[in-house]
Amino acid sequence: MRLERRSHHSPAAMVLAPIGAMLFTLLVSSLLVLWAGAPVGQTYALLVQGGFGSVFALSETFTRAIPLMLTGLAATVAFKARLFNIGAEGQLYVGALAAVAVGGLHGGAGFDAPAALLFVLMMLAAALAGALLLLGPALMKLHLGVDEVVTTLLLNFIVLLLVSLMLDGPMKDPTAMGWPQSVALLGDLELSKLVPQTRVHSGLLWACSLAVCLWVVLKYTVLGFDIRAVGANARAAAFAGVPITRTLVLVALLSGGLAGLAGAIEVAGRTSYLTLDMSPGYGYSGIVIAMLAALHPLGVMVASVFVAGILVGADSMSRALSVPSYIADVIVAASLISVLVASGLTQYRIRWK
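A few points about the overall build of the protein
A tally of regular secondary structure across the protein gives 14 helices and two strands. At 21 Å, the protein has a C-alpha radius of gyration in line with the 20 Å of a compact globule built from 353 residues. Principal-axis analysis of the C-alpha atoms gives the protein an extent of 70 × 60 × 30 Å. Evaluated residue by residue, the protein yields a buried proportion of 48% over its 353 residues. Across the protein, every contact between residues at least 6 apart in sequence was considered, and the portion connecting residues at least 24 apart equals 75%.

What follows is the structure, given as structure tokens:
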């Protein structure tokens, strides 16, 4: 058996491939639902209703989608240039840490600066912290040939240990009754709610705006052309005059900055303080979202809402039918594999010898 690249791509196949992939995902998940002893139709109905069936459900889905969208964008821009950033989780945490350091220290009084200025400095500090965390692995890849998958992955654990140290040390909230959490941000630095009496906040507008901006950059700017050229073939791009080092450095700063912003927006919009369990794996899920979106920034918005809706709906479904909520992880993982296989089959055909 061998794979042979197709000479042309059928438009119908490009449309039907993701549909077939999702149907296959539902089939696989249905077998697990039946194994758990629950009715398939009711399970999926409750899953959809729990994630999208009411104003409250939608607000929870959009709230969960905000950090997923930003980490998905971080993975998208990095993977476009074949800089495989697996460290968005650490970059998210270091961004949140920087945001609290600027907007929450001195007894929660920040640096006695005007709230508007302090907010801008807080977001810049978060983006810079995430960017610098990825810049190191990018430079090591460029000049020493070190695999960035390994370095970015290991940095996640180092950052979590650093956060643990800071939350049990200089950044610990003295009023938290021993619980390891940071001091809270000033109230003026928190993001406003989009819908009253819900948790969805204006960070959603930030994330959607950044997705549109990234799409414009990748599609219509010289930097976007350089990123796509380096990702397609770095040697050919260098021969054509594309500055490889500068492009990868800018990609690292942009990708890490987006993940750092995810941490700052999560703190300012949802929690107001930093804890070790703030992220249930948003950085890793961002990779799944980027791949589901085929590395398209606008597709990341849709994929993040889809994944968030599945995760939120699974909690509601689990309470109603006693089906393990881990079925959501199976659906997300199976959909990723199915989409990747389906997209591969639209580009290659299988030949049997």
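Some remarks on the confidence of the model for the protein
In the predicted model, the protein carries a mean pLDDT of 88, and 97% of its residues have values of at least 70. Here helix α5 (residues 105-108) stands out as the least confident element of the protein, with mean pLDDT 58; helix α8 (residues 203-220) is the most confident, with 95.

What about the environment of isoleucine 287?
The topology assignment puts isoleucine 287 in helix α12 (residues 282-292). Linking isoleucine 287 and threonine 271, residues 16 residues apart in sequence, is a C-alpha distance of 23 Å. Apart from the residues within four sequence positions on either side, isoleucine 287 is in contact with Ala75, Phe79, Asn85 and Ile86.

Re the nonpolar core
Among the nonpolar cores identified, the biggest contains 101 residues, and Leu83, Met122, Met123 and Leu274 are the most heavily contacted of them. The biggest single contributor to this core is helix α11 (residues 244-271), with 12 residues. Beyond its immediate sequence surroundings of up to four residues, leucine 274 is in contact with Tyr93, Ala96, Leu97, Val100, Val163, Leu167, Gln181 and Ser182.

Quick look at the pattern of salt bridges
In a structure, side chains of opposite charge can pair up when their charged atoms sit close to one another. A full pass over the atoms with the stated rule returns four salt bridges. We note a salt bridge from arginine 64 to aspartate 315, for which the minimum N-O separation is 3.9 Å. Pair noted here: arginine 64 is in helix α3 (residues 55-80) and aspartate 315 is in helix α13 (residues 297-321), with a separation of 251 residues, a long-range link. Classification of arginine 64 as partly exposed rests on a relative accessible area of 22%.

Quick word on the packing of aromatic side chains
Aromatic ring pairs are described here by two measures, namely the spacing of the ring centres and the angle between the planes. In total, this model carries three aromatic pairs according to the counting rule given. Here the aromatic rings of phenylalanine 79 and phenylalanine 84 are separated by 5.4 Å at their centres, their planes lie at 70°, and the arrangement is edge-to-face. Under the relative-accessibility criterion, phenylalanine 79 is labelled buried at 10%. Of the residues examined, phenylalanine 84 reaches a relative accessible area of 31% and is grouped as partly exposed. One Lys or Arg, lysine 219, reaches over the ring of tyrosine 220 and ends 5.8 Å from the middle of that ring.

Remarks on the side chain of threonine 71
Assignment of secondary structure puts threonine 71 in helix α3. A distance of 2.9 Å separates the side chain of threonine 71 from the backbone oxygen of proline 67, its partner in a polar contact. Dropping the residues within four chain positions of it, threonine 71 is found in contact with Ala88, Leu92, Ala262, Tyr282, Gly283 and Gly286.

Quick look at α12
For α12, a buried count of eight out of 11 residues is recorded, marking the element as mostly surrounded by other parts of the structure. Those residues of α12 that sit buried are Tyr282, Gly283, Gly286, Ile287, Val288, Ile289, Ala290 and Leu292. Of the surrounding secondary structure, the elements contacted by the buried residues of α12 are α3, α4 (88-103), α11, α13 and α14 (327-347). Where α12 ends, the next residue or the one after it, alanine 294, has phi of about 55°, a positive value.

Some remarks on the side chain of glutamine 91
The topology assignment puts glutamine 91 in helix α4. Side-chain polar atoms of glutamine 91 contact the side chain of asparagine 85, separated by 3.0 Å. Once you skip the residues sitting within four places of it in the chain, glutamine 91 turns out to touch Asn85, Gly130, Leu133, Leu134, Ser255, Gly256, Ala259 and Gly260.

Topic: a nonpolar patch on the surface
Together, Met1, Leu3, Ile337, Val341, Leu345, Ile350 and Trp352 give the surface a local cluster of nonpolar side chains, amounting to about 800 Å² of exposed area. Among the elements that take part in the nonpolar patch, α14 stands out by supplying three residues, more than any other. With respect to the helices, strands and loops of the structure, isoleucine 350 is situated in strand β2 (residues 348-351).

Section: the packing of α3 against α13
Taken N-terminus to C-terminus, the directions of α3 and α13 make an angle of 140°; their axes are 8 Å apart at the nearest point. Viewed along their axes, α3 and α13 adopt a mutual orientation that is oblique. Once α3 is placed against α13, the crossing between them reads as right-handed. Residues Glu60, Thr61, Phe62, Arg64, Ala65, Leu68, Met69, Gly72, Leu73 and Thr76 of α3 lie in contact with α13, whose contacting residues are Pro297, Val300, Met301, Ser304, Val305, Val307, Ala308, Gly309, Leu311, Val312 and Asp315. Here the contact of α3 with α13 is composed, by residue class, of 13 nonpolar, five polar and three charged.

Cut-offs applied
- Residues numbered from 1 in each chain as written.
- Predicted model: local features only at pLDDT ≥ 70, side-chain atom pairs only at ≥ 80, totals over all residues.
- Heavy atoms only, no water.
- Helix = DSSP H or I, 4+ residues; strand = E, 2+ residues; numbered from the N terminus.
- Rg over C-alpha atoms; globule rule 2.2 N^0.38 Å.
- Buried < 20%, exposed > 50% of the residue type's maximum accessible area, 1.4 Å probe, protein only.
- Contact = heavy atoms within 4.5 Å.
- pLDDT = per-residue confidence, 0-100.
- Core = buried A, V, L, I, M, F, W, Y, C linked by side-chain atoms within 4.5 Å.
- Salt bridge = Lys/Arg side-chain N within 4 Å of Asp/Glu carboxyl O.
- Phe/Tyr/Trp six-rings, centres within 6.5 Å; stacked < 30°, edge-to-face > 60°.
- Lys NZ or Arg CZ within 6 Å of the ring centre and 35° of its normal.
- Polar contact = N/O pair within 3.5 Å; in protein donor to acceptor, adjacent residues only side chain to side chain.
- Patch = residues over 30% accessible without salt bridge, like charges linked within 9 Å, V, L, I, M, F, W, Y side chains within 5 Å.
- Areas by Shrake-Rupley, 256 points an atom, 1.4 Å probe, with all protein chains shown as cover.
- Axes fitted to C-alpha atoms, helices over the stretch in contact; angles between N-to-C directions.
- Parallel < 35°, antiparallel > 145°, perpendicular 65-115°, else oblique.
- Left-handed = near helix turned anticlockwise from the far one by under 90°.
- Nonpolar A, V, L, I, M, F, W, Y, C, P; charged D, E, K, R; others polar.

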